[in-house]
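Here's the letter readout for the chains.
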Amino acid sequence: MADNKKPFYITTPIYYVNAAPHLGTAYCTILCDVQARFRRAMGQDVKFLTGLDEHGEKVQRAAEDHGKTPQEWCDSLAPAFHDIWNTLEISNDDFIRTTQPRQIRAVQHLWDRMKDAGYIYKDSYDGWYCVHEETYYTETQVSKSDEDHGVVGRHLCPECQRELQRVKEESWFFKLSAFQDRLLKLYDEHPDFVMPAFRMNEVRSFVESGLRDISVSRTSFDWGIPVPFDDKHVTYVWFDALLNYATAVGFGDPDMADEYARRWPAQYHVVGKDIIRFHCVIWPAMLMAIGEALPEHVFAHGFLMVRNEETGQGEKMSKSRGNAIAPQDVIDMLGVEGYRYYFMTDCVPGEDGAISYSRMTQVYNADLANSWGNLVSRSLNMSAKYFDGKTPELPEGWADRANPLKDIADGLVDRYVAAMSVFDYVSAKNAVLELVHAANHYIEDSAPWAVAKDPARADELEQIITNLLEAIRISAHLFAPFMPQTSAEVLRRMSLADEADTTDLIAACQWGGLASGAAVTKGDALFPRLDVKKG
Ligand code: MSP
């Protein structure tokens with residue numbers, strides 16, 4: 001049977017294997033996971049890729065320091081990533097490691113294609129290199145940064161301020177300079193190639209200021225993919241890493257030609273703002289050089305900063321400042337679902353986010369414990385209590401009766417879908433909360449406990465409880481990309497477990513889908529209130 005579902009391919013950056021997963025990498029991965037879950041619920045045929053960047057001088061050095069081969073070193077570190085992504089309910093469909101045979105084959109294919117296309121040449125490189133950033137810097141960049149930082153007598157990395165290495169070696173170069181006009185044309189014709197829009201200005205002015213050819217092979221160490229036609233050289237780690245996105249859908253693999261034709265180009269590469277030049281300049285130029293299609297969008301997220309409670313300002317997280325927060329600490333406090341909800345809905349995805357334990361407690365208690373959790377618990381309790389452990393039995397046509405919750409729910413889904421589609425998770429969450437808050441108010445206004453005392457008002461009671469349960473059912477669907485387990489549990493408590501994996505979110509969110517007279521489970525509190533003192 002032909003598969004007509006629209007493909008949706010989304011990727012995280014591949015993380016350096018030798019840094020333990022942290023809040024920043026988890027943030028980016030959850031950002032993609034929420035989008036992948038949302039698109040699956042919209043019926044799209046999703047491929048969600050994440051993985052590890054395992055080559056380069058930094059890994060080779062760390063392995064030597066630990067008395068291991070680079071491969072042993074990578075293999076010992078990879079499980080930590082699998083573990084944390086499992087814990088955080090990351091639903092990736094594939095996990096790429098750049099040491100896998102598929103990547104080695106693809107990178108060597110890239111070299112051959114580059115050579116055939118005439119976009120690489122051999123020369124010698126003489127300049128600065130930061131092993132920690134795995135990045136080359138020009139003389140001008142370094143002297144400007146040294147001057148800005150008051151560094152005298154030595155040269156430090158403009159990015160991380162570590163000592164730079166002087167690299168003088170034979171190298172293959174990629175003719176990046178040949179792509180300036182084509183890149184500018186790309187940005188003009190596809191203004192949403194870089195998202196959010198304000199990031200595009202940064203990329204454009206970088207390209208307008210002139211592009212230099214870049215060194216893409218190294219000879220002074222060997223932990224990299226060999227250049228197929230020049231075995232003294234290994235591939236520069238970024239030239240290798242960027243290709244992972246294409247490798248995973250079959251680039252250069254004749255057996256995967258159909259998959260490649262269907263999946264490439266990717267709809268979204270989600271990356272942090274620090275690596276947009278690689279993704280918005282070098283990567284499209286590489287693809288242009290070999291005549292492959294370009295990704296549709298690069299979405300750049302901001303950095304998570306820790307809010308200094310005294311100044312209210314965000315500060316860079318670091319061990320030396322003593323303000324680094326480990327993912328596990330947040331999981332212990334908020335639970336996995338609270339963790340996902342907090343980072344996804346309280347930090348605007350394109351901007352830097354100021355995070356703090358007190359803010360986490362506040363958001364968790366207000367939105368999850370007091371609003372969403374409380375609504376579910378009160379409504380299911382009342383349904384079970386007044387209707388013999390069930391949802392009310394309602395006559396045909398109940399769903400057409402006007403009521404305030406139906407009005408809100410009807411206007412909500414389109415707004416939610418529009419916001420989710422462009423990573424505006426804050427607006428999407430606000431839309432769902434409108435319904436949740438309205439439902440909590442509706443409980444107060446309609447006072448079901450008073451109505452229940454009067455047998456003459458039995459119809460009214462049925463309608464009130466049904467409206468509440470229906471608002472909950474719809475909210476559960478809309479919250480599902482953020483909190484998949486909670487939503488599945490809420491639906492299960494209303495005998496609607498089958499709905500949890502919907503691939504037609506819009507239909508699922510039509511008012512009127514509640515199962516009438518179905519068993520209701522009250523269950524434990526979904527989000528027990530947090531003690532504010534802990535914050
Ligand atoms: N290996 C490269 C990516 C290659 S992709 C072809 C790399 N890896 S990384 O492990 O250093 O970083 C991965 C991502 O983590 C980057 O997108 C970076 O922006 C993100 N973050 C690192 N610290 C962060 C925060 N404090 N907050 C949010 N994200 C941050 O770069």
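From a predicted model like this one, the values you see are computed outputs, not experimental measurements.

Q: Help me understand the overall build of the chain in this model?
A: Secondary structure assignment for the chain yields 18 helices and 16 strands. Computed over C-alpha atoms, the radius of gyration of the chain comes to 27 Å, within 12% of the 24 Å expected from 2.2 N^0.38 for 535 residues, which places it in the range of a compact globule. In terms of overall dimensions, the chain has a C-alpha envelope of 90 × 60 × 45 Å along the principal axes. Residues classed as buried in the chain amount to 56% of the 535 residues present. A separation of at least 24 residues holds for 77% of the contacts in the chain among residues at least 6 apart in sequence. Working note: accessible area of the chain is about 22600 Å², and carbon and sulfur atoms make up 49% of it.

Q: Looking at this model, I keep getting lost on the sheet that holds strand β4 (residues 120-130). Mind explaining?
A: Two orientations exist for strands paired in a sheet by backbone hydrogen bonds: parallel and antiparallel. The four strands lie next to each other as β5-β4-β6-β8, forming an open sheet whose pairing is antiparallel. For this open sheet the edge positions go to β5 (135-137) and β8 (214-215), each flanked by a neighbour on one side alone. Against the sheet, helix α5 (residues 139-148) engages β4, β5 and β6 (165-174), with an angle of about 80° to β5.

Q: Teacher, can you tell me more about the packing of helix α14 (residues 425-446) against helix α16 (residues 458-479) here?
A: Axes are the key here: two packed helices are described by the angle between their axes and the distance separating the axes. As a packed pair, α14 and α16 sit with axes 10 Å apart at the nearest point and diverge in direction by 165°. Viewed along their axes, α14 and α16 adopt a mutual orientation that is roughly antiparallel. Seen along the crossing, α14 lies across α16 with a hand that is left-handed. Contacts from Val432, Leu433, Leu435, Val436, Ala439, Tyr442, Ile443 and Ser446 of α14 reach α16 at Gln463, Ile464, Asn467, Leu468, Ala471, Ile474, Ser475, Leu478 and Phe479.

Q: What is the right way to read the site of the ligand from this model?
A: Lining the immediate surroundings of the ligand are 22 residues, of which Ile14, Asp53, Gly272, Asp274 and Leu304 lie closest. Here a nitrogen atom of the ligand and a side-chain polar atom of Asp53 are 2.7 Å apart. A total of 680 Å² of accessible area belongs to the ligand in isolation, and the protein chains cover 90% of it. Broken down by secondary-structure element, the contributors of at least two residues to the shell around the ligand are β1 (7-16), α1 (23-41), α8 (237-247) and β12 (268-272). No other element matches the five residues that α8 contributes to the shell around the ligand. When the residues that make up the shell around the ligand are grouped by side-chain class, the tally is 12 nonpolar, eight polar and two charged.

Q: What is the right way to look at the environment of Arg199 in this model?
A: Positionally, Arg199 belongs in helix α7 (residues 197-208). In this structure Arg199 comes out as buried when scored by relative accessible area, which is 8%. Along the backbone, Arg199 and Phe299 are 100 residues apart, and their C-alpha atoms lie at a distance of 9.1 Å. Residues in contact with Arg199, not counting those within four places in the same chain, are Val194, Lys273, Ile276, Ala300, His301, Gly302 and Gly350.

Q: What is the right way to read the sheet that holds strand β9 (residues 217-218) from this model?
A: Read from one edge to the other, the open sheet built from three strands follows the order β9-β11-β10, with strand pairing classed as antiparallel. Edge positions in the sheet fall to β9 and β10 (226-227), since each of these pairs with one other strand and no more. Pairing of β10 with strand β11 (residues 230-235), which is carried by two bridges, proceeds in the antiparallel orientation. Directly across from Pro226, in β11, lies its bridge partner Val234.

Q: Help me understand the side chain of His297, please; the structure alone is not making it clear to me.
A: Locating His297 in the fold gives a position in strand β13 (residues 297-301). According to the relative accessible area criterion, His297 is buried, its value standing at 12%. Excluding residues that lie within four positions of it along the chain, His297 makes contacts with Asp192, Phe193, Met195, Gln267, Tyr268 and His269.

Q: Hey, could you run me through the domain arrangement of the chain in this one?
A: Here the chain is partitioned into domain 1 (8-301) and domain 2 (335-508). On the side of domain 2, 29 residues touch domain 1, which itself brings 30 residues to the contact. Carbon and sulfur atoms make up 67% of the surface buried where domain 1 meets domain 2, a total of about 2400 Å² over both sides. When the shortest N-O distance is used, the salt bridge between Lys273 and Asp352 registers 3.0 Å. Where domain 1 touches domain 2, the interface holds 13 residue pairs in polar contact (both at pLDDT 80 or more). Those elements that place two or more of their residues in the side of domain 1 that touches domain 2 are α1, α7, β12 and β13.

Q: It is not clear to me how the side chain of Asp230 should be interpreted in this structure. Could you clarify?
A: In this fold, Asp230 is placed in strand β11. Judged by its relative accessible area of 11%, Asp230 is buried. With residues up to four places along the chain from it excluded, the contact list for Asp230 reads Lys122, Glu170 and Trp172.

Q: Looking at this structure, how should I read helix α17 (residues 484-493)?
A: An α-helix turns once every 3.6 residues. As a result, residues three or four positions apart point the same way. Every buried residue of α17 is listed here: Pro484, Thr486, Ser487, Val490, Leu491 and Arg493. Where α17 is buried, its residues contact α1, α11 (327-346), α12 (357-386) and α16. Two residues or fewer after α17 comes Ser495, characterised by a positive phi angle close to 60°.

Q: Hey, could you run me through the pattern of salt bridges in this one?
A: It is possible for side chains bearing opposite charge to pair when their charged atoms get close. Across all of its chains, the model carries 34 salt bridges by this definition. Taking the shortest distance from any N to any O, the salt bridge between Arg218 and Glu169 comes out at 2.6 Å. Taken as a pair, Arg218 in strand β9 and Glu169 in strand β6 lie far apart in primary sequence, 49 residues in all. As far as the burial class goes, Arg218 and Glu169 line up, both buried. Of the charged contacts, one joins Arg204 and Asp188 as a salt bridge, the two residues approaching to 2.8 Å between their closest N and O atoms. Taken together, the positions of Arg204 in helix α7 and Asp188 in helix α6 (residues 180-189) put the pair 16 residues apart, joining distant regions of the chain. Note on Arg204: relative accessible area 21%, which makes it partly exposed.

Q: Can you help me understand the packing of aromatic side chains in this one?
A: For any two aromatic rings, the description comes down to two numbers: the centre-to-centre distance and the angle of the planes. On inspection of all chains with the given rule, the structure shows 32 aromatic pairs. A ring pair is formed by Tyr119 and Phe179, whose centres lie 4.9 Å apart and whose planes are at 45°; its orientation type is tilted. Here Tyr119, found in the loop between α4 (101-117) and β4, pairs with Phe179, found in the loop between β6 and α6; they are 60 residues apart in sequence, far enough to count as distant. On the accessibility criterion, Tyr119 (17% relative accessible area) is buried. Here a set of aromatic residues connected by ring pairs shows up, and it is made of Trp111, Tyr119, Trp172, Phe174, Phe179, Phe229 and Phe239.

Q: Even after reading the chapter, I still don't get the environment of Ser421, so can you show me in this structure?
A: Structurally, Ser421 is set in helix α13 (residues 404-421). Leaving out residues up to four positions away in the same chain, Ser421 has contacts with Gln35, Phe38, Arg39 and Tyr268. Within polar-contact distance, the side chain of Ser421 engages the backbone oxygen of Val417 at 2.6 Å.

Rules used in this analysis
Residues numbered from 1 in each chain as written. Predicted model: local features only at pLDDT ≥ 70, side-chain atom pairs only at ≥ 80, totals over all residues. Heavy atoms only, no water. Helix = DSSP H or I, 4+ residues; strand = E, 2+ residues; numbered from the N terminus. Rg over C-alpha atoms; globule rule 2.2 N^0.38 Å. Buried < 20%, exposed > 50% of the residue type's maximum accessible area, 1.4 Å probe, protein only. Contact = heavy atoms within 4.5 Å. Areas by Shrake-Rupley, 256 points an atom, 1.4 Å probe, with all protein chains shown as cover. Pairing = 2+ DSSP bridges. Axes fitted to C-alpha atoms, helices over the stretch in contact; angles between N-to-C directions. Parallel < 35°, antiparallel > 145°, perpendicular 65-115°, else oblique. Left-handed = near helix turned anticlockwise from the far one by under 90°. Near = heavy atom within 4 Å. Polar contact = N/O pair within 3.5 Å; in protein donor to acceptor, adjacent residues only side chain to side chain. Nonpolar A, V, L, I, M, F, W, Y, C, P; charged D, E, K, R; others polar. Domains from an automatic or database assignment. Buried area = accessible area lost by both parts, 1.4 Å probe. Salt bridge = Lys/Arg side-chain N within 4 Å of Asp/Glu carboxyl O. Phe/Tyr/Trp six-rings, centres within 6.5 Å; stacked < 30°, edge-to-face > 60°.

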